[in-house]
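Fold and contact review
Spelled out from the first residue to the last, the chains are:
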Amino acid sequence: MHENKYATYKEEAQHALVADFKKKLKQQTGMFSKVLQNQSSLYASYAVSLELAKAKKTFTEGSLVKKCAMEMAKAFGDAKMAEKFESVPLSNQTVQRRVIDMREQVEQSLIRLVKESMHFSLCLDESTDQSDVSQLLIFVRTTFEDFSSKEELFDVCSLQGTTKGRDIYDAVKKTVDRVGGFSKCSAIVTDGAPAMTGEKTGLTGLLKENGVTCPMIHCLIHQGALCGKSMKKTEVFKVVVKILLIC
């Protein structure tokens, strides 16, 4: 196809030219296989980081996982697979970045889900972890136009120092502001702590003071227990059945 350009190449020069073309072709195809290998290494890095996060393991254990995978590949006599395992980035800094990336992706997906819903309700619970730090758990239940609903853990807020109504209100407001405020909030369910149910300085009173008019409900299980003290067993059973039918 290029006779005029390559007609001057004879014998050894022609063979050298063909060998050079083959070498360049091999380099080009090798580049694509290298890209695919890098993508596989990246996917494997995220997959291992996710499993470490689920198991609540330290980020430094990623390097141990890689060494174990390499040793298993060598034990089966697959040196090429051992080299592929070695290319997977699993240092403690890398695993940390992977976990942060996945957390941000899940967070953005959840925020988008709440924004697309017709209404949402919140369930709040405050408790203390093993390190004696108060953690506020915020669950969200979303409802859509087709009447389907989803429930997810929306946020975990660490309450450093005090756990007063103002602290809880600030944490809840900061979380809800990310989805556009309380305009679509249909109800808020809290536990029985005074910091939650207080009409003046508690969360309930501060929400009303700032114009949040949605119903604020005490824990449904506690309400059922209180009703059971003053009602007969048959009446309690009917109430429970009605509640379950409504839910």
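Residues numbered from 1 in each chain as written. Predicted model: local features only at pLDDT ≥ 70, side-chain atom pairs only at ≥ 80, totals over all residues. Heavy atoms only, no water.

So, the overall build of the protein chain
From N to C terminus, the protein chain includes ten helices and five strands. Residue burial in the protein chain is summarised as follows: out of 247 residues, 26% are buried. Working note: accessible area of the protein chain is about 17,700 Å², and carbon and sulfur atoms make up 58% of it. (Helix = DSSP H or I, 4+ residues; strand = E, 2+ residues; numbered from the N terminus. Buried < 20%, exposed > 50% of the residue type's maximum accessible area, 1.4 Å probe, protein only. Areas by Shrake-Rupley, 256 points an atom, 1.4 Å probe, with all protein chains shown as cover.)

Topic: the packing of aromatic side chains
This structure, assessed with the given rule, holds zero aromatic pairs. Stacked on the ring of tyrosine 46, the Lys or Arg arginine 98 has its end atom at 4.7 Å from the ring centre. For the cation-ring pair, arginine 178 lies above phenylalanine 154, with the distance from its terminal atom to the ring centre recorded as 5.6 Å. (Phe/Tyr/Trp six-rings, centres within 6.5 Å; stacked < 30°, edge-to-face > 60°. Lys NZ or Arg CZ within 6 Å of the ring centre and 35° of its normal.)

Digging into helix α3 (residues 61-75)
Between its first and last C-alpha atoms α3 spans 21 Å; for 15 residues at 1.5 Å apiece the expected length is 21 Å, and the two agree. Directly after α3, the chain includes glycine 77, whose backbone phi takes a positive value near 75°. (Expected span 1.5 Å × (residues − 1).)

Focus on the packing of α3 against helix α4 (residues 79-86)
For the pair α3 and α4, the least separation of the axes is 8 Å and the interaxial angle reads 170°. With respect to α4, the axis of α3 lies roughly antiparallel. Along the contact surface, α3 presents Lys66, Ala69, Met70, Ala73 and Lys74, while α4 presents Met81, Ala82, Phe85 and Glu86. (Axes fitted to C-alpha atoms, helices over the stretch in contact; angles between N-to-C directions. Parallel < 35°, antiparallel > 145°, perpendicular 65-115°, else oblique. Contact = heavy atoms within 4.5 Å.)

Quick word on the nonpolar core
By size, the foremost hydrophobic cluster in this structure holds 30 residues, and its most contacted members are Leu122, Leu124, Leu136 and Val172. Of all the secondary-structure elements, those providing two or more residues to this core are α5 (92-116), β1 (119-128), β2 (134-143), β3 (149-159), α6 (165-177), β4 (185-190), α7 (194-197) and α8 (203-209). No other element matches α6, which puts five residues into this core. With residues near it in sequence (within four places) discarded, leucine 124 still touches Leu136, Leu137, Ile138, Val172, Ile188, Val189, Thr190, Asp191, Met196 and Leu203. (Core = buried A, V, L, I, M, F, W, Y, C linked by side-chain atoms within 4.5 Å.)

Some thoughts on unusual backbone geometry
Phi is positive for lysine 56, which is not a glycine, with a value near 60°. Note that lysine 56 resides in the loop between α2 (11-54) and α3. With a phi close to 70°, phenylalanine 147 is a non-glycine residue in the positive phi region. Structurally, phenylalanine 147 is set in the loop between β2 and β3.

Focus: the side chain of serine 121
Looking at the secondary structure, you find serine 121 in strand β1. A relative accessible area of 18% places serine 121 in the buried class. The contacts of serine 121, once residues within four sequence positions are left out, are Phe139, Val140, Arg141, Ser186 and Ala187.

Brief notes about the pattern of salt bridges
By the definition in use, this model includes eight salt bridges. A salt bridge links aspartate 155 to arginine 178; its shortest N-O distance comes to 3.2 Å. Here aspartate 155 is found in strand β3, whereas its partner arginine 178 is found in the loop between α6 and β4, with 23 residues between them in sequence. Among the salt bridges present, the one from aspartate 170 reaches arginine 166, with a minimum N-O distance of 4.0 Å. Remark: arginine 166 and aspartate 170 occur in helix α6; sequence separation between them is four residues, near one turn of the helix. Taking relative accessible area as the criterion, aspartate 170 reaches 38% and is therefore assigned partly exposed. You can call arginine 166 partly exposed: its relative accessible area is 41%. Connected via shared salt-bridge partners are Arg103, Glu104, Glu107, Asp155 and Arg178. (Salt bridge = Lys/Arg side-chain N within 4 Å of Asp/Glu carboxyl O.)

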